[in-house]
Amino acid sequence: SAVISQKPSRDICQRGTSLTIQCQVDSQVTMMFWYRQQPGQSLTLIATANQGSEATYESGFVIDKFPISRPNLTFSTLTVSNMSPEDSSIYLCSARTSGGVPGTGELFFGEGSRLTVL
Amino acid sequence: GQQVMQIPQYQHVQEGEDFTTYCNSSTTLSNIQWYKQRPGGHPVFLIQLVKSGEVKKQKRLTFQFGEAKKNSSLHITATQTTDVGTYFCAGPVNAGGTSYGKLTFGQGTILTVHP
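In every chain, residue numbers begin from 1 and rise along the written sequence. Written order decides the labels, with chains lettered from A and ligands numbered from 1. For this predicted model, a pLDDT threshold of at least 70 governs which residues receive local features, and a threshold of 80 or more governs which side-chain atom pairs are given and counted, while totals over whole chains, interfaces and linings are taken from all residues. Side-chain metrics rest on all non-hydrogen atoms present in the structure, leaving aside hydrogens and water.

Considerations on the state of the cysteines
Disulfides are defined in this document as cysteine sulfur pairs within 2.5 Å. If you walk through the whole model with that rule in mind, you get 2 disulfides over all chains. Covalent S-S linkage joins cysteine 23 of chain A and cysteine 93 of chain A, the inter-sulfur distance amounting to 1.9 Å. Between cysteine 23 of chain A and cysteine 93 of chain A the sulfur-sulfur dihedral comes to about -65 degrees; the bridge is accordingly left-handed. With cysteine 23 of chain A in strand β3 (residues 19–25) and cysteine 93 of chain A in strand β9 (residues 89–96), the pair connects residues that are 70 residues apart, well separated along the chain. The cut-offs for exposure are 20% and 50% of the maximum accessible area for each residue type, with area from a 1.4 Å probe on protein chains only; residues under the lower value are buried, those over the upper are exposed, and the others partly exposed. By relative accessible area, cysteine 23 of chain A is classed as buried at 0%. The partner cysteine of cysteine 23 of chain B in its disulfide is cysteine 89 of chain B, sulfur to sulfur 2.0 Å. Negative torsions about the S-S bond denote left-handed disulfides, and the value of about 75 degrees found for cysteine 23 of chain B with cysteine 89 of chain B makes this one right-handed. Every helix listed is a DSSP run of H or I at least four residues long, and every strand listed is a run of E at least two residues long, numbered separately from the N terminus.

Structure (structure tokens):
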């Protein structure tokens, strides 16, 4: 299993500013992901955080807007850059510990970071 | 692209009634997972189904994976107020035949239980 700590848990930000969310896992994990969730909505995958290399982004998400770092197996950051009210959302860090067949094994989630952009 | 559809979007039940949510994929899935998210909480893994036609039970919860591995269901018998939350199904994202460990989530079913 894995326990994921995220911070900040919530923040209110001004338009045009940037915010970095930190994600710390209590054990080494093979894969880390960042999701976005609008209140009452489903989870949308932003990117896969790759250790020591550039993140792999999903369609509709770009590195300039959502730069991601993963310097080691247990830590990752997501920055939301040049924020607008449309970026108000919950951002979730997740990780998978299984080293087996890709796509199998549960995802563990952090508590989420609720961002409100004014 | 791959889509995972889930219905219904909302379900209101009286405590003690049964509840079912259905999940359908546009493509065959190698496996399907179910998660529960309590109000204000984060998604928590419930179960993974891998085999065609597989049925798994967890106390009052019954999970099924369709024969064609394109659909799944979660059934809760005699709901309790502790069952309140959003139930998501999730399947591996297919990218050229390799999922790279990513999951795509259904829209979720929001369950409310009236005592």
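Remarks on the packing of aromatic side chains
For any two aromatic rings, the description comes down to two numbers: the centre-to-centre distance and the angle of the planes. Working definition: a ring pair exists when centres of Phe, Tyr or Trp rings (six-membered ring for Trp) sit within 6.5 Å. Plane angles under 30 degrees give stacked, over 60 give edge-to-face, the rest tilted. Following the criterion strictly, the structure yields 11 aromatic pairs over all chains and no others. When the centroid spacing of 5.8 Å and the interplanar angle of 55 degrees are considered together, the rings of tyrosine 35 of chain A and phenylalanine 109 of chain A count as tilted. Separated by 74 residues along the polypeptide, tyrosine 35 of chain A in strand β4 (residues 31–37) and phenylalanine 109 of chain A in strand β10 (residues 107–109) bring together distant segments of the chain. Both residues of the pair, tyrosine 35 of chain A and phenylalanine 109 of chain A, belong to the buried class. With a centroid separation of 5.8 Å and an interplanar angle of 45 degrees, the aromatic rings of phenylalanine 19 of chain B and tyrosine 87 of chain B are classed as tilted. Placement of phenylalanine 19 of chain B in strand β3 (residues 19–25) and of tyrosine 87 of chain B in strand β9 (residues 85–92) is noted, with a sequence separation of 68 residues between them. Just as phenylalanine 19 of chain B is buried, tyrosine 87 of chain B falls in that class too. Clustering of aromatic rings is evident, with ring pairs tying together Tyr35 and Phe109 of chain A together with Tyr35, Phe45, Phe88 and Phe105 of chain B.

Concerning the side chain of threonine 20 of chain B
You can see threonine 20 of chain B is positioned in strand β3. N or O atoms closer than or at 3.5 Å make up a polar contact, with two conditions inside protein: a donor-capable atom paired with an acceptor-capable one, and, for residues adjacent in sequence, both atoms drawn from side chains. Polar contacts involving the side chain of threonine 20 of chain B include one to the side chain of histidine 75 of chain B, which spans 2.7 Å.

A closer look at the interface of chain B and chain A
What makes two residues a contact is simply this: any of their non-hydrogen atoms within 4.5 Å. In this complex, chain B contributes 19 residues to the contact, which on the side of chain A involves 22 residues. A buried area of about 1600 Å², summed over both sides, lies between chain B and chain A, and 53% of it is on carbon and sulfur atoms. Take the accessible area each of two parts loses on contact, using a 1.4 Å probe, and add the two losses: that sum is the buried area. Area buried by chain B at its contact with chain A is led by His42, Lys102 and Phe105 of chain B, which between them contribute 30% of it. Criterion for a salt bridge: a side-chain nitrogen of Lys or Arg within 4 Å of a carboxyl oxygen of Asp or Glu. For the pair chain B and chain A, the interface holds 1 salt bridge. Among the ionic pairs, lysine 102 of chain B bridges to glutamate 58 of chain A, the shortest N-O distance being 2.8 Å.

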